[in-house]
Amino acid sequence: MSVQNVKEALDEFLSSAEPRAIALTGKWGRGKTFFWNLVIKEFIRANGVKEGAKYSYVSLFGVSNISQLKDAIFENAVSAAEIFEGATAETLLANTGSLANEQSTSSPANTQDSGWLGRFGRFFNGRKNLSLLEQIPWLNKFGPFARSAAFLSIHRYIICFDDIERRGRGLEPKEIFGLISLLTEQRQCKVIAILNSDALPDTDCNEYESFREKVFDFEIKYVPSPSDCGNLVFDKKDPNLLLASQYTQMLGITNIRILQRIRRAIGVLVPKVQVYEPEITRNVIHSLVLLTWCYNGKEPGTPSYEYLKRSSYFGFSPRRDKKEQPSEEIEWNEILQMYGYQTTDDLDGQICFYLENGFLANEKFLAAVESLNASILQSKAQGAFSDIWDIYHGSFKDNETDLINAINDRLRAGAKWISLGNVHGAISLLRELKKNDLADELIDHWIKVTTGLNVENLNLDAAPFSDQIRDEVFRRKLKTAFAAEQKQLPFETVMFNIARGNGWSFVDEQVLAGASSKDFYHFFKNTEDGNLHKYVKACLRFGEFANPSEAQLRIAENTKDALRKIGAESLLNGIRVRGFGIEIPAIPSSPES
């Protein structure tokens, strides 16, 4: 039976003039009570009820005897106008006052002063003096006569009995069914009993089966689909709730309580992320639906919440032979793959914290959101930048202006996410198009943005395929900007590192290029650590590179000047210096003594 069929059957039950009892049955958590409340409120809003008729919703949770159950019907009774608010202290006083008036006016003297009930009714009629509520004893303190009078006043009520399986131990099913029969046959009431078919003990089920034909006119089976349940809980006019409904249907969630928790959690989390990229909202709703289901769901087949928390993308993959992997994990992985859930990331972890603790760790939650948002923006910027090459390669149109504008716009907007290689490719194309000024401007912009984020991204020595960066202006500006951000080592330390074969950076090269020939002279003269030959050869090598830079040539020339000065100081040093390939004018030998 579809939900629409169930609604029509309940509407027919409510609109019928004939008193009768029905049972609304279905599995626990499917929203039978939730659905019934929607139906009766909609019915009363559209049709009203007969004058004087009342509605009483009674949960049997904890009700231990039939007297308490009878009292609860009276205490929870509301008029048609009050059904949307439910039973309150005011409605209890109104019922009590009405009962007192009925009793007093039915006395032989037909006056409100006939006995204590008349005075009680006059005192509380019209729901006045509510501040004195605390001074009034409960109904079961009024004595047997008052209790009987209260129950006798129940006539032509619409009554809903719920949570029958959660009643107190002293209340037997046959007593409940007997009361239902009395209410329909003697009090002209309509009674609906909501039963959880999978939660009733076997003894209760047997009692129900034995009394069903005698007590209930018919049984309505409530078996909603995931779509039905989603439509009941989520407002389709709200795009976020509509999305949540689609996700819950993918997972086949029919537990109304879980769906309501998802809706409430969306109300808490989504407003905090709506200022970010739309993908963040979708990601939060997508994860929230799954995690809430797994955290609260107890039905067979629901993936383990702990399994979900501790698993990464690879955890959802069949790392082992399926014969060795537990069958339940195989089933869970199939659900997760169908749902498109790949990994439990930092943001998912913060959603888990919310589910477990009932509140957000705001700073950590927003940090996770901002991190994911940055990744999304990076992906978008890189995707947008790749559009440049679609314009370039996609046609033979005369669209040079469009291409140049695209390069300018994409690189300025997404500089923080565009790689060194992609920037070089765009710069090279601009130079071929004779747009050197724009190319230089974009280089400066990219370097400025990158410096503020991570200066190491300017380091050509550490960049992959740095040898492919051939634009000399770009290379020079990269090296200059990177060097400006580095702490320079002392001259002696740089010399030591280079001579020991530890390599050198552009910054080290700038240290040597900034030294004078006098600095080299003093270093060579004062070195006695056994590595003098390595120091000299390392410095001279800068002049032997193919296409050496000005800085490299300056290092080599200052080294040679220092060596020439040293070689001119003595015959022995001249011989030593010439051993490095440096020409030194011959020094006259000293006369023999």
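This structure is a prediction, so every number in the text was calculated from the model and none was measured.

Caption draft 1: Broad picture of the overall build of the protein chain. When you go through the protein chain residue by residue, the secondary structure sums to 26 helices and six strands. Residue burial in the protein chain is summarised as follows: out of 593 residues, 44% are buried. Of the contacts formed within the protein chain by residues at least 6 apart in sequence, a portion of 68% connects residues at least 24 apart. Carbon and sulfur atoms make up 49% of the accessible area of the protein chain, which totals about 31800 Å².

Caption draft 2: Representation of the layout of surface pockets in the model. Put simply, the largest pocket is a space of about 680 Å³. Around the largest pocket, the lining is made up of 21 residues, and of these R475, K479, E509, S549 and Q552 lie nearest the centre. Secondary structure elements with two or more residues in the lining of the largest pocket: α20 (472-484), α22 (506-513) and α25 (550-567). With five residues, the single largest contributor to the lining of the largest pocket is α20. Per-class residue counts for the lining of the largest pocket are six nonpolar, seven polar and eight charged.

Caption draft 3: Representation of the packing of helix α10 (residues 239-251) against helix α12 (residues 278-296) in the model. Close contact between α10 and α12 brings their axes to 10 Å; oriented N to C, the two are set at 40 degrees. With respect to α12, the element α10 is oriented oblique. For the element pair α10 and α12, the recorded crossing hand is right-handed. Side by side, α10 and α12 meet where N240, L243, A244, Y247, T248 and L251 of the first sit next to T281, R282, I285, H286, V289, L290 and W293 of the second. Tallied by class, residues from the contact of α10 with α12 come to eight nonpolar, four polar and one charged.

Caption draft 4: Representation of the pattern of salt bridges. What the rule picks out here adds up to 18 salt bridges. In this structure, R20 and E12 form a salt bridge, with 2.6 Å as the shortest nitrogen-oxygen distance. With relative accessibility at 39%, the residue E12 sits in the partly exposed group. Salt-bridge contacts for D163 lead to R166; the nearest nitrogen and oxygen are separated by 3.7 Å.

Caption draft 5: Representation of the packing of aromatic side chains. Inspection of every chain in the model, using the stated rule, returns 19 aromatic pairs. Summarising the aromatic geometry, the rings of F177 and F216 are spaced 5.9 Å apart at their centres and angled 80 degrees between planes, so their arrangement reads as edge-to-face. One end of the pair, F177, is in helix α7 (residues 173-185); the other, F216, is in the loop between α8 (202-215) and β6 (218-221), with 39 residues separating them in the sequence. Considered together, F177 and F216 belong to a single accessibility category, that of buried residues. The interplanar angle of 45 degrees and the centroid separation of 6.2 Å between the aromatic rings of F520 and F524 together place this pair among those described as tilted. Of this pair, F520 and F524 both sit in helix α23 (residues 517-526), four residues apart, which is roughly one turn of the helix. Put simply, the rings of F491, F520, F523, F524 and Y535 pair up and form one aromatic cluster. The lysine or arginine in question, K70, covers the ring of F151, its NZ or CZ lying 4.7 Å from the ring centre. Of note, R166 hangs over the ring of F61, and the distance from its end group to the ring centre comes to 4.3 Å.

Caption draft 6: Seen up close, α7. With 13 residues, α7 extends 18 Å from end C-alpha to end C-alpha; this agrees with the ideal 18 Å at 1.5 Å per step. Regarding α7, the residues found buried are P173, I176, F177, L179, I180, S181, L183 and T184.

Caption draft 7: Region of the structure containing the nonpolar core. By size, the foremost hydrophobic cluster in this structure holds 45 residues, and its most contacted members are I253, I266, L269, I285, V289, L290 and L291. Within the residue set of this core, elements represented by two or more residues are α9 (226-233), α10, α11 (256-273), α12, α13 (305-310), α14 (327-339), α15 (346-357) and α16 (362-393). Aside from chain neighbours lying at most four places away, what touches I266 is L241, A244, P271, I285 and L288.

Caption draft 8: Main features of unusual backbone geometry. Positioned with a positive phi, R156 is a non-glycine residue whose angle comes to about 60 degrees. The class of R156 is partly exposed, set by a relative accessible area of 44%. In the Ramachandran plot, Q188 falls in the positive-phi region, its phi being about 55 degrees despite a non-glycine side chain. Tracing the backbone shows Q188 in the loop between α7 and β5 (190-196). Judged by its relative accessible area of 29%, Q188 falls in the partly exposed class.

Caption draft 9: Spotlight on the pairing of β5. Among the seven residues in β5, seven count as buried, and that is most of the element. Burial of the side chains of β5 extends over both faces: K190, I192, I194 and N196 are buried on one face and V191, A193 and L195 on the other. Of the pairings in the sheet, the one linking strand β1 (residues 21-26) to β5 comprises six bridges and is parallel in character. The partner of T25 across the bridge, within β5, is L195. Bridging between strand β4 (residues 158-162) and β5 involves four bridges; their strand directions are parallel.

Caption draft 10: Just the confidence of the model for the protein chain, in detail. For the protein chain, the mean per-residue pLDDT works out to 84, and 85% of the residues sit at or above 70. Contacts for the low-pLDDT stretch residues 107-135, under 50 throughout, to residues beyond four places or in other chains number 38 contacts.

Caption draft 11: Highlighting the packing of α11 against α12. Relative to each other, α11 and α12 sit at 150 degrees, their axes nearing to 10 Å. Taken as axis vectors, α11 and α12 run roughly antiparallel relative to one another. Viewed along their axes, α11 and α12 form a crossing whose handedness is right-handed. In this structure, α11 contributes I258, R261, I262, A265, I266, L269, V270 and V273 to the contact, and α12 contributes I280, T281, V284, I285, L288, V289, T292, W293 and N296. Residue composition of the contact of α11 with α12, grouped by class: 13 nonpolar, three polar and one charged.

Caption draft 12: Spatial organisation of the sheet that holds strand β3 (residues 77-78). Within the open sheet, the six strands sit side by side as β3-β2-β4-β5-β1-β6. Their pairing is mixed. Of all strands in the sheet, those bounded by a partner on one side alone are β3 and β6. Relative to the sheet, helix α2 (residues 32-47) contacts β1, β2 (55-59), β4 and β5, its axis offset from that of β5 by approximately 155 degrees. Here helix α3 (residues 66-75) sits on the sheet in contact with β2, β3 and β4, set at roughly 140 degrees to β2.

Caption draft 13: Representation of the environment of G26. Residue placement: G26 occurs in strand β1. Residue classification places G26 among the buried positions, given a relative accessible area of 8%. In the structure, G26 is positioned 168 residues away from I194 in sequence and 8.4 Å away in space, judged by C-alpha atoms. Excluding its chain neighbours within four sequence positions, the residues that come into contact with G26 are K32, L195, N196, S197, D198 and Y222.

Definitions and cut-offs
- Residues numbered from 1 in each chain as written.
- Predicted model: local features only at pLDDT ≥ 70, side-chain atom pairs only at ≥ 80, totals over all residues.
- Heavy atoms only, no water.
- Helix = DSSP H or I, 4+ residues; strand = E, 2+ residues; numbered from the N terminus.
- Buried < 20%, exposed > 50% of the residue type's maximum accessible area, 1.4 Å probe, protein only.
- Contact = heavy atoms within 4.5 Å.
- Areas by Shrake-Rupley, 256 points an atom, 1.4 Å probe, with all protein chains shown as cover.
- 1 Å grid on protein atoms, 1.4 Å probe; cavity = no way out; pocket = protein on both sides within 12 Å on 5 of 7 lines; lining within 4 Å.
- Points joined across faces, edges and corners; volume = space filled by probe spheres on them.
- Nonpolar A, V, L, I, M, F, W, Y, C, P; charged D, E, K, R; others polar.
- Axes fitted to C-alpha atoms, helices over the stretch in contact; angles between N-to-C directions.
- Parallel < 35°, antiparallel > 145°, perpendicular 65-115°, else oblique.
- Left-handed = near helix turned anticlockwise from the far one by under 90°.
- Salt bridge = Lys/Arg side-chain N within 4 Å of Asp/Glu carboxyl O.
- Phe/Tyr/Trp six-rings, centres within 6.5 Å; stacked < 30°, edge-to-face > 60°.
- Lys NZ or Arg CZ within 6 Å of the ring centre and 35° of its normal.
- Expected span 1.5 Å × (residues − 1).
- Core = buried A, V, L, I, M, F, W, Y, C linked by side-chain atoms within 4.5 Å.
- Pairing = 2+ DSSP bridges.
- pLDDT = per-residue confidence, 0-100.

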